[in-house]
Amino acid sequence: MDKREAVLDIFRGALDTVLPVNLIREALRLEGDDLVVEGKRYRLDDYRRIFIFGSGKASLEMAKAAETILGERVSGGLVVGNYEDQSLRRVRTYASSHPIPTEKSIEAAEMLSSSLASLDDGDLYLYLLSGGNSALVEKPIPPVTLGEIQEMIKLLLNCGAPIEEMNMVRKHLSTVKGGRLGRFARARGIVLVVSDVIGDDLEAIGSAPLFCDSSSYQDVAAIFSRYELWENVPASIASIIKKGLLGEIEETPKQPSPLIDHFIIGSNLKLLVKGKERAQALGFKTAIMTSRLRGEAREAAKAVLSLGEEIANTGNPFAPPVCLLFGGETTVTVRGRGRGGRNQEMCLSLLKEMKGDPRFCFLSAGTDGIDGASDAAGAVVDKESYRIARELSLNFDTYLGQNNSYEFLKKTGDLIITGPTGTNVIDMSILIVTKDNGL
């Protein structure tokens, strides 16, 4: 097995472990009349009925596995996804809108809210949460409209506001974000979470529909003042925030509900751990360098390669051969009109810096199978990639300048095409470093 085959094997093996069906099978099991969730036991005889709810891009596949495990014990439920699927036998499904919320998102929010509210304190429900929930399930506080929320987000983007501040604003304009959806239910709840955010912050994943929110209307008002937005935001939004400041609108919940337990069953770090196990099985010394890789993709590529060069040239901090694993989510500042995504741009940038050095092989891909505006999950590059690029007279700077990594890597035959995977624990990057051309 050469380096290219090895990185592809490591990625595919790790990806398989974080597919929704495998995550549910690992986290959830029946032992007699006990439901065991990540080691915690729930006596099913204590509950009259069991329901399955969920929302997010991985929720439908999660629900299929959960329904298989619980079987006839399931009394019903509702799962909201981003595509049609009628294969569940006891649970309703609804195809909502992603990545931009629409009237379908409002209908999904109303259906979930009323379904949860219909449960009583003798019921138990599973809620299967994953990335994508923020768009799939949304209902603004009246009289705010979806269009006005989108207008608000554009204003914040133009001001350079970070995602954390945008989320604070969105939660305080929604009836279902920041823990508000969870307050509709009186029943006991178990939330199984597939994390698509760096650090696995439960307040951030899917906009925390059943958790809690530490931000406040006062924080939102401070954001509006900081960016001088009070005169520019829609009047309905300004009115909601002012009412919140006066206590006329209830705050988002500040503490997790004692009725709801959250379990993170899938994460980027879990992906990396599984990748490490696979790499070690192939005989590599392996190190997880970070699950928090972020920043501009081109700069991240340089940082990753600099680590590899240090190892290859000095044996510090590891003697080659070695496999380095990185996880997280980089960004791309779009200046051109080409195709690609952050993983492809990272691969192309690293290939440019690496040139034809035979000691390195690098892979970077998104676990959801979609990287930017393309059908590729990412790419894998090595000395052969560079040779082909030179043979075809491909200009690195031209393609990078156009943000056209997809076309470059398509020509060199380096794209990774998985198709949509049904999961998302953000990205994985792998760098194999050897002393020479061999393993």
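The coordinates are above.
Residues numbered from 1 in each chain as written. Predicted model: local features only at pLDDT ≥ 70, side-chain atom pairs only at ≥ 80, totals over all residues. Heavy atoms only, no water.

Q: Outline unusual backbone geometry, listing residues and values.
A: Negative phi values dominate among residues other than glycine, just as trans dominates among peptide bonds. The linkage connecting His-98 with the following residue, Pro-99, adopts the cis geometry, with an omega of 10°. Within the secondary structure layout, Pro-99 lies in the loop between β6 (92-95) and α4 (103-117). Along the chain, Pro-320 connects to Pro-321 via a cis peptide bond; the corresponding omega equals 5°. Tracing the backbone through its elements, the reader meets Pro-321 in the loop between α11 (297-314) and β11 (322-328). The phi dihedral of Ala-208 is positive, around 55°, even though this residue is not glycine. Within the secondary structure layout, Ala-208 lies in the loop between β8 (188-194) and α8 (217-226). For Glu-228, which is not a glycine, the phi torsion comes out positive at approximately 55°. (Helix = DSSP H or I, 4+ residues; strand = E, 2+ residues; numbered from the N terminus.)

Q: Tell me about helix α7 (residues 163-171), and name the residues and values.
A: Among the residues of α7, those classed as buried are Glu-165, Met-166, Asn-167, Val-169 and Lys-171. Residues of α7 that are buried sit in contact with α6 (146-158) and α8. (Buried < 20%, exposed > 50% of the residue type's maximum accessible area, 1.4 Å probe, protein only. Contact = heavy atoms within 4.5 Å.)

Q: Can you break down the packing of aromatic side chains residue by residue, with the values?
A: In total, this model carries six aromatic pairs according to the counting rule given. Seen from their ring centres, Phe-53 and Tyr-125 are 6.1 Å apart, and the 75° between their planes marks the pair as edge-to-face. With Phe-53 in strand β4 (residues 49-55) and Tyr-125 in strand β7 (residues 123-130), this residue pair connects regions lying 72 residues apart in the sequence. Of the two residues, Phe-53 and Tyr-125, neither departs from the other in class, the shared state being buried. Both rings, one in Tyr-399 and one in Phe-408, keep their centres 5.2 Å apart while their planes meet at 85°; by these two values the pair is edge-to-face. Judged by relative accessible area, which is 0%, Phe-408 ranks as buried. (Phe/Tyr/Trp six-rings, centres within 6.5 Å; stacked < 30°, edge-to-face > 60°.)

Q: Pulling in residues and values, what's your account of the packing of helix α2 (residues 20-27) against helix α3 (residues 59-70)?
A: Interhelical geometry of α2 versus α3 gives an angle of 40° and a closest axis separation of 8 Å. Of the possible angle classes, the one that applies to α2 and α3 is oblique. For the pair α2 and α3, the crossing hand works out as right-handed. Taking contact as the criterion, the partners of Pro-20, Val-21, Ile-24 and Arg-25 in α2 are, on α3, Glu-61, Met-62, Ala-65, Ala-66 and Ile-69. (Axes fitted to C-alpha atoms, helices over the stretch in contact; angles between N-to-C directions. Parallel < 35°, antiparallel > 145°, perpendicular 65-115°, else oblique. Left-handed = near helix turned anticlockwise from the far one by under 90°.)

Q: Before we move on, can you summarise the sheet that holds strand β12 (residues 360-366) with the specific residues and values?
A: Here we have six strands laid out as an open sheet, ordered β10-β11-β15-β12-β13-β14, and mixed in their pairing. Every other strand in the sheet has two partners, leaving β10 (285-293) and β14 (415-416) as the edge strands with one partner each. Judged from the two bridges that link them, strand β13 (residues 378-381) and β14 form a sheet pairing that is antiparallel. Each bridged residue has a counterpart across the sheet, and for Gly-378 the counterpart in β14 is Ile-416. (Pairing = 2+ DSSP bridges.)

Q: Account for α2, naming residues and giving values.
A: Within α2, the full set of buried residues consists of Pro-20, Leu-23, Ile-24 and Ala-27. The arc that holds every buried residue of α2, seen down its axis, measures 95°, which confines them to one face. (Arc of directions from axis to C-beta.)

Q: Give a description of the state of the cysteines that names residues and reports values.
A: Inspection of every chain in the model, using the stated rule, returns zero disulfides. The thiol of Cys-361 is unpaired, and the distance to the nearest cysteine sulfur, on Cys-347, comes to 9.4 Å. Accessibility expressed as a relative area gives 0% for Cys-361, which makes it buried. (Disulfide = S-S within 2.5 Å.)

Q: Help me get a handle on the packing of α6 against α7, residues and values and all.
A: Contact geometry of α6 with α7 gives a least axis separation of 10 Å together with a crossing angle of 155°. By the angle class used here, α6 and α7 are roughly antiparallel. Every pair of crossing elements has a handedness; the one defined by α6 and α7 is right-handed. Along the contact surface, α6 presents Ile-149, Met-152, Ile-153, Leu-156 and Leu-157, while α7 presents Met-166, Val-169 and Arg-170. Considering only residue class, the contact of α6 with α7 consists of seven nonpolar, no polar and one charged. (Nonpolar A, V, L, I, M, F, W, Y, C, P; charged D, E, K, R; others polar.)

Q: Could you give me a rundown of the environment of Gly-419, with the residues and numbers involved?
A: Here Gly-419 shows up in the loop between β14 and β15 (427-433). The sequence separation of Gly-419 and Asp-375 amounts to 44 residues, and the corresponding C-alpha distance is 6.9 Å. The residues contacting Gly-419, other than those within four sequence positions of it, are Asp-368 and Gly-369.

Interpretation note: all reported values are geometric properties and have no functional meaning in isolation.
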